[in-house]
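Each chain, written out:
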Amino acid sequence: MGYLRYSDVFKNRDRIRELRNSIQGQVVLPGEDNYEESRKVWNGMIERRPEAIIRCKGNRDVIHAVNFARSNQLLVSVKGGGHNVAGNAVCEGGVMIDLSLMRSARVDKEKKTVRVDGGCLLSDMDQETQAYGLAVPAGIVSHTGVGGLTLGGGFGWISRKYGLSVDNLLSAELVTAEGELLRASREENPDLFWAIRGGGGNFGVVTSFEFRCAHIGREVFAGIIVHSFENAKDYIKFHREYVRSLPDDMTVWMVIRHAPPLPFLPEEVHGRLIVAVPFVYLGEGKEGERLIKPLEQFATPYGSMMGMIPWRDWQTGFDALNSHFARNYWKSHHLEDLSDKCIESILSFAGRFPTPSCEVFIPHMEGAPSRVSATETAYAFRTAPFILNIHARWEEAEQDSGCITWARDFFEETKPFAKGVYVNFLSDEGEARVREAYPEDTWNRLVEVKNRYDPTNFFSMNQNIKPAP
Ligand SMILES: Cc1cc2nc3c(=O)[nH]c(=O)nc-3n(C[C@H](O)[C@H](O)[C@H](O)COP(=O)(O)OP(=O)(O)OC[C@H]3O[C@@H](n4cnc5c(N)ncnc54)[C@H](O)[C@@H]3O)c2cc1C
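Residues numbered from 1 in each chain as written. Predicted model: local features only at pLDDT ≥ 70, side-chain atom pairs only at ≥ 80, totals over all residues. Heavy atoms only, no water.

### Concerning the overall build of the protein chain
For clarity, the threshold we go by: Only runs of H or I of at least four residues qualify as helices and only runs of E of at least two qualify as strands under DSSP, and these elements are numbered from the N terminus. Atoms counted for the radius of gyration: C-alpha only. Globule rule: 2.2 Å times residue count to the power 0.38. Should any heavy atoms of two residues lie within 4.5 Å, those residues are considered in contact. Throughout, the Shrake-Rupley method with a 1.4 Å probe supplies accessible areas, and for residues the shown protein chains are the sole cover considered. The positive count covers Lys and Arg only, the negative count covers Asp and Glu only, and His and the chain ends enter neither. A charge is said to be at NZ when it belongs to Lys, at CZ for Arg, at CG for Asp and at CD for Glu.
Of the regular secondary structure elements, the protein chain holds 14 helices and 19 strands. Computed over the C-alpha atoms, the radius of gyration of the protein chain is 22 Å, within 12% of the 23 Å expected from 2.2 N^0.38 for a compact globule of 469 residues. When its C-alpha atoms are laid out on the principal axes, the protein chain stretches across 70 × 55 × 40 Å. Restricting the contact set of the protein chain to residue pairs at least 6 apart, pairs at least 24 apart contribute 74%. When the accessible surface of the protein chain is split by element, carbon and sulfur atoms take 47% of a total near 18600 Å². The positive charge centre, built from 54 side chains, and the negative charge centre, built from 62, are 2 Å apart in the protein chain.

### Some thoughts on the sheet that holds strand 3 (residues 76–79)
Note the threshold: We treat two strands as partners when DSSP finds at least two bridges between them. An axis is simply a line fitted to the C-alpha atoms; with a helix, the fit covers only the stretch in contact. Between two such axes, the angle follows the N-to-C directions and lies from 0 to 180 degrees.
The strand order across the open sheet built from 4 strands is 1-2-4-3, with neighbouring strands paired in mixed fashion. This sheet does not close on itself; its edge strands, each paired only once, are strand 1 (26–28) and strand 3. Each adjacent strand pair in this sheet contributes to an overall mean axis angle of 20°, direction not counted. Pairing analysis gives 4 bridges linking strand 2 (residues 52–55) to strand 4 (residues 95–98), with the strands arranged parallel.

### So, the domain arrangement of the protein chain
Quite often, the size of an interface is put as the accessible area lost when its parts meet. What counts is decided by this rule: Boundary definitions for the domains trace back to an automatic or database domain assignment. Using a 1.4 Å probe, buried area is obtained as the accessible area two parts lose upon being combined, added over both of them. Each salt bridge in this description consists of a side-chain nitrogen of Lys or Arg and a carboxyl oxygen of Asp or Glu lying within 4 Å of one another. Between N or O atoms, a polar contact is any pair within 3.5 Å; within protein, one atom must be a potential hydrogen donor and the other a potential acceptor, and residues adjacent in sequence are included only when both atoms are from side chains.
By domain assignment, the protein chain separates into domain 1 (8–98), domain 2 (105–216 + 440–453) and domain 3 (219–425). Of the residues lining the interface, 36 residues belong to domain 2; the matching set on domain 3 comes to 45 residues. Interface area, domain 2 with domain 3, both sides summed: about 3300 Å², of which 59% is carbon and sulfur. It is Phe-155, Trp-157 and Arg-160 that lose the most area in domain 2 upon contact with domain 3, and together they represent 33% of the buried surface on that side. Between Glu-376 and Arg-186 there is a salt bridge, with the nearest N and O atoms lying 2.8 Å from each other. Where domain 2 packs against domain 3, one counts 22 residue pairs in polar contact (both at pLDDT 80 or more). Counting residues per element, the ones that place at least two in the side of domain 2 that touches domain 3 are helix 4 (122–130), helix 5 (146–152), helix 6 (159–162), helix 7 (190–196) and helix 14 (440–453). Here the side of domain 2 that touches domain 3 takes 4 residues from helix 6, the largest share from any one element.

### Some remarks on the side chain of Ser-142
For Ser-142, the position within the fold is in the loop between strand 7 (134–135) and helix 5. Excluding its chain neighbours within four sequence positions, the residues that come into contact with Ser-142 are Leu-121, Leu-122, Ser-123, Gln-315, Thr-316 and Asp-319.

### Here's the deal with the pattern of salt bridges
Quick reminder of the rule: The classification of residues rests on relative accessible area computed with a 1.4 Å probe and restricted to protein chains. Under 20% of the type maximum is buried, over 50% is exposed, and intermediate values are partly exposed.
A full pass over the atoms with the stated rule returns 31 salt bridges. Where Arg-160 meets Asp-248, a salt bridge forms, and the shortest distance between an N and an O atom there is 4.0 Å. You can see Arg-160 sitting in helix 6 and its partner Asp-248 sitting in the loop between helix 8 (232–242) and strand 13 (250–252), a full 88 residues away along the chain. By relative accessible area, Arg-160 is classed as buried at 4%. Here Arg-240 makes a salt bridge to Glu-241, at a shortest N to O gap of 3.3 Å. According to the relative accessible area criterion, Arg-240 is buried, its value standing at 15%. Several salt bridges share partner residues, and in doing so they unite Glu-36, Arg-39, Glu-47 and Arg-49 into one network.

### Overview of the site of the ligand
As a reminder, the rule being used: For this description, a residue counts as near a given molecule or strand if any of its non-hydrogen atoms is within 4 Å of it. Charged residues are taken to be Asp, Glu, Lys and Arg, nonpolar residues to be Ala, Val, Leu, Ile, Met, Phe, Trp, Tyr, Cys and Pro, and polar residues to be all remaining types, Gly included.
Taken together, 34 residues lie around the ligand, and Gly-80, Gly-82, Phe-155, Val-206 and Tyr-422 are the ones closest in. Within the contact set of the ligand, a nitrogen atom lies 3.3 Å away from a backbone nitrogen or oxygen of Gly-118. At 3.0 Å, a backbone N or O of Gly-148 approaches an oxygen atom of the ligand. Burial of the ligand by the protein amounts to 97% of the accessible area it has alone, namely 940 Å². At the level of secondary structure, the elements contributing two or more residues to the shell around the ligand comprise strand 3, helix 5 and strand 10 (205–212). Among the elements that make up the shell around the ligand, the one with the highest residue count is helix 5 (4 residues). By residue class, the composition of the shell around the ligand is 15 nonpolar, 18 polar and 1 charged.

### A look at helix 4
By the burial criterion, the buried members of helix 4 are Leu-122, Asp-124, Met-125, Asp-126, Thr-129 and Gln-130. Buried residues along helix 4 sit against strand 5 (105–108), strand 6 (113–117), strand 7, helix 5, strand 10 and helix 10 (311–316).

### Quick look at the sheet that holds strand 6
Taken in spatial order, the 5 strands make up an open sheet running 5-6-10-8-9, and their pairing is antiparallel. Here the strands that pair on one side only, and so sit at the sheet edges, are strand 5 and strand 9 (181–185). Each strand of the sheet is rotated relative to its neighbour by a mean of 15°, with strand direction disregarded. Against the sheet, helix 4 makes contact with strand 5, strand 6 and strand 10, and its axis sits at roughly 30° relative to strand 5, the strand it touches most.

What follows is the structure, encoded as C-alpha cells:
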C-alpha cells in the first residue's frame, strides 16, 4: 500500500480541529509557531516540510497520531533526537510524529534500572542515572536521541565492558501500525523485542525504553592524547595491536582530523592534521595511566590531557564538535582488520580532507558486545574489531559535491577491507545497502517480524525493511 505525502485532509478544518482536540501535545501546521524548529533535524542537508507535525506528550497522543495518519493513508516519520544523518526523522509532506516533548526518565535505584521516554536525548538519561552513579551504555554525543540510537544498536565509551544499548534493554512500550500499545520484552512479544534491538524504527513508535544500568560512579579516568599526522602510519600500526590487548575496562578510539583549538594543545598546532586518541578507563586512575602510557610514549605527542573526569562532563565534551545543522554526509563500514593497505588508503584520504571539519573516526569495538551471540538481537555484526567512519562535514551548499564525492571515493577504496555496516551510520544509500547491515538470516527474520507487525509498511521512513507478506 502506498502512503500519501499530500492529502485534502489538511484542508478540512473540522478534521484538523478534531485532531487538535484529541492531542494533549501540539498539532503544528506549516507557518505556525514551532513548525520551523520542529521540522529541522541535526543534518543541515535535510530540508523537508511535513504537512503536519504532531508533537506528542504521551502514549495516548502517539496512538491518536498513528491512527490519524493510517486512517488518512498518510506517510509518517518518527522523530526521536533527530540525529540520524539520513534525515529519516522528517518526511516531505505527510505527518511527522515528533517525540521531543516526551523526555522524562525515571530511575529505580534498587533494581538499577531506568525507564526513559521515547524522545529522550542521551543527556536526559545521563542526568537522571548519574544522580545515582549509574549509566546506560549509549553514544558519545549528549544531544543524540536514545530512540534512534537504541533501535539501531547503540554503543559508546562503556560498551566494551557493559555491552551495547540493546544488550541492556529490558523492555519497551511501543505503538504499532494498528495503533495498539504493546510491551516487548523477553517474556512479552519476544519476536518484536528481538527485532527492535537493531532493526531500527521499522516496527512501531517506541514510547518508552527500560534499561539495566551499570554502576560506574560519577567520575571516570579519561583523556585525549594528540599525535602528529606525520607519524600516523607507524602510530596506527602500533595502535591497532595495542588497543586489542587492553582489558574491556579500557576503551581507546582514534580520530584523524584538523586540530580543534583544544586548551592543552599549543596554539601553532590548532588547525593542523592530527591523530587524536581519546580514551576512557573504568577503574582506578593509576591503572588507567599505566595502561595508556605506551600510546602516549609511542612518540612525543603534540599534547595530552587526562585525569578523573565527571562522566557527564566527558559525555558532553564532544558536543560542540558535532553541533546541529552543519551539512553532513557519512559513509561507514565494519573493518575486519586495520591492514597496512587499509591504513594507506585511510591516510591518503585523510591527507585531502575537503573541509577542516571532516574527520575519520575509528572506534575499537570487541569486548562485551562481541561475546553476545549473533542471533540474540537484530544487531548481529558483533565481532568486527574496528569501525571506519568517514564523516564529511561542511557549511556551504556549493561544497556538497566535493565533500560527497570525497566520502564516496574513500568508502569505495576501503570496501575490500570491510564486512557489514552499523545501520545507524548509514546515510540514504538505497535498499541494497540496508541489507548489508544484517547477515542474511537476520534479514529474513526481520522481514518475518515486519510482515507480522507492519505488513503495509506504514513505518517506512527509516532504514527500511520492506514487508514481503
Ligand atoms: C553527532 C552524532 C554522534 C553519534 N554518536 C553515536 C554513538 O556514539 N554511538 C552510536 O551507536 N550511534 C551514534 N550516532 C548515530 C545515532 O545512533 C543515529 O544517528 C540515531 O539514529 C540517532 O537517533 P535519534 O533518535 O537522534 O535520531 P532520529 O533522526 O530522530 O531517528 C532516527 C530514526 O530512528 C527511528 N526512531 C527514533 N526514535 C524512535 C522511537 N522512539 N520510536 C520509533 N522509532 C524511532 C525513526 O525511524 C527515525 O527515522 C551518532 C550520530 C550523530 C549525528
